[in-house]
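Observations on the model geometry
One-letter residues, chain by chain:
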Amino acid sequence: MHDFDELAAFDAIMTSGSLTRSAREIGLAKSTLSRRIAQLEARLGQTLLRRQANRLIPTEAGLVYHDYCCQILSLASQSREALADLSEAVRGRLTLEVHCSLARSWAAKVVETFLASHPEVELTLQVREHPECSPESQCAQVWLGELPSNISLRAEPLGQLSQRLYASPDYLTRHRTPAHPEELAHHPWIDLLGTTHEGLTLHHPEQGRFCFRPPRSRLCVDLPMLQVDAIVRSQGIGVLPDWIVAKREDHHPGELVPCLTEWRPTPLAVTLLSPYGQHSRRLDALLDALRQAVPTAWHKTF
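Attention in this report is confined to the structure presented alongside it. (Residues numbered from 1 in each chain as written. Predicted model: local features only at pLDDT ≥ 70, side-chain atom pairs only at ≥ 80, totals over all residues. Heavy atoms only, no water.)

**Quick look at the overall build of the chain**
Of the regular secondary structure elements, the chain holds nine helices and 15 strands. Against the 2.2 N^0.38 benchmark of 19 Å for 302 residues, the chain shows a C-alpha radius of gyration of 27 Å, more extended than a compact globule. By principal-axis analysis of the C-alpha atoms, the chain measures approximately 85 × 50 × 35 Å. Relative to its full complement of 302 residues, the chain shows a buried share of 43%. Across the chain, the fraction of contacts at a sequence separation of at least 24, relative to all contacts at a separation of at least 6, is 74%. Summing over all exposed atoms, the chain offers an accessible surface of approximately 17,200 Å²; the carbon and sulfur share of this is 50%. Treating the 31 positive side-chain charges of the chain as one cloud and the 35 negative ones as another, the clouds have centres 5 Å apart. (Helix = DSSP H or I, 4+ residues; strand = E, 2+ residues; numbered from the N terminus. Rg over C-alpha atoms; globule rule 2.2 N^0.38 Å. Buried < 20%, exposed > 50% of the residue type's maximum accessible area, 1.4 Å probe, protein only. Contact = heavy atoms within 4.5 Å. Areas by Shrake-Rupley, 256 points an atom, 1.4 Å probe, with all protein chains shown as cover. Lys, Arg positive; Asp, Glu negative; His and termini not counted. Charge placed at Lys NZ, Arg CZ, Asp CG, Glu CD.)

**A look at the pairing of strand β9 (residues 200-204)**
Only one face of β9 is buried: it carries Leu-200, Leu-202 and His-204, and the other face, with Thr-201 and His-203, is open. One ladder, built from five bridges, connects β9 with strand β10 (residues 208-212); its direction is antiparallel. What sits directly across from His-203, in β10, is Arg-209. The turn linking β9 back onto β10 is made up of three residues. Taken together, the two bridges between β9 and strand β14 (residues 264-265) define a ladder with antiparallel strand orientation. Bridge pairing in β14 places Leu-202 opposite Pro-265. (Pairing = 2+ DSSP bridges.)

**Focus: helix α3 (residues 30-44)**
Since the α-helix turns once every 3.6 residues, residues separated by three or four places project in the same direction. A rise of 1.5 Å per residue sets the reference length of α3, with its 15 residues, at 21 Å; its end C-alpha atoms lie 21 Å apart and thus fit the reference within 8%. Among the residues of α3, Thr-32, Leu-33, Ile-37, Leu-40 and Glu-41 are the ones counted as buried. One or two positions beyond α3, positive phi appears at Gly-45, with a value near 70°. (Expected span 1.5 Å × (residues − 1).)

**Observations concerning the side chain of Gln-141**
Among the secondary structure elements, Gln-141 is positioned in strand β5 (residues 140-144). Every residue in contact with Gln-141, bar those within four places of it in the chain, is listed here: Leu-96, Glu-97, Arg-128, Pro-131, Glu-132, Leu-153, Thr-271, Leu-272 and Leu-273.

**Structural notes on the pairing of strand β1 (residues 49-52)**
As judged from the four bridges shared by β1 and strand β2 (residues 55-58), these two strands associate in the antiparallel manner. Pairing of Arg-50 across the sheet is with Ile-57, part of β2. The hairpin formed by β1 and β2 contains two residues between the paired strands, and Ala-53 there has a positive phi angle of roughly 60°.

**Quick notes on the nonpolar core**
Ranked by size, the top nonpolar core spans 29 residues in total, and within it Leu-96, Leu-102, Trp-106, Val-142 and Leu-290 carry the most contacts. For this core, the secondary-structure elements that each account for two or more residues are β3 (91-99), α5 (103-117), β4 (120-128), β5, β6 (154-161), α8 (242-251), β15 (268-274) and α9 (281-292). A total of six residues in this core trace back to one element, the largest contributor, which is α9. Sequence-distant contacts of Leu-290, that is, excluding residues within four places in its chain, are made with Leu-96, Trp-106, Val-110, Ala-140, Val-142 and Leu-272. If you look at the next biggest cluster of nonpolar residues, it comprises 16 residues, including Leu-19, Ala-23, Leu-40 and Leu-56. (Core = buried A, V, L, I, M, F, W, Y, C linked by side-chain atoms within 4.5 Å.)

In structure tokens:
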């Protein structure tokens, strides 16, 4: 019979190579950790670790056994999670990955509410610039914009974010306000990681489409909030989602104004990504919470 405390102690030392660091990370006294390793070696009849300078180095037996140790610990964790799914309580660990534009403005509040409703859940919120496409992904993802062609996950539309061209009032006071998309070529452009480098299609309800190739952006940023900040500081004109601008205007009114309001870029799709197949109870609970938290504005068409 395996002693999981001993296995966890061995795995910790194999990971860190240090008895002191491992004891600190798992919250045990060094003497307790050392005793568990000694007990495991006695149980197996093999020396698993040897000291070299200030590090613990695995023996050949230690290297072989560690692979099995990891499998045993992983199976034990999976079995606990499977049993947890049979209970009525929603518990366990979850990961939610969110497009950087939606992390602070939406996801943070959703996570706060979800954790308050499910006190036995541990959730990691991660911000991503690109969606995880692998079918092995077991987390929930909320993505903004076009999905990669190689996506191998279930994709569920949550809504869309309309977009417009924005500038600061100060910028438009100091420069001529564009009256037609053709005039945008004479204005500095604030781009988000080159998203409009290949061109921008603007739609007008009466005049149809206008394909505009923005001038080369002297400032290209990789975070939407940096793009917003640059436009607020009168650095130029750029495309922003209306919903994100409205959230900022709640706290900083009057900093941004739309330009060419009749000309609109294509809306950005908001998509919920999840693995195919049967989900754990906690993942289903998170997916439901995300669906229910979709703002009304995401369903509007402009």
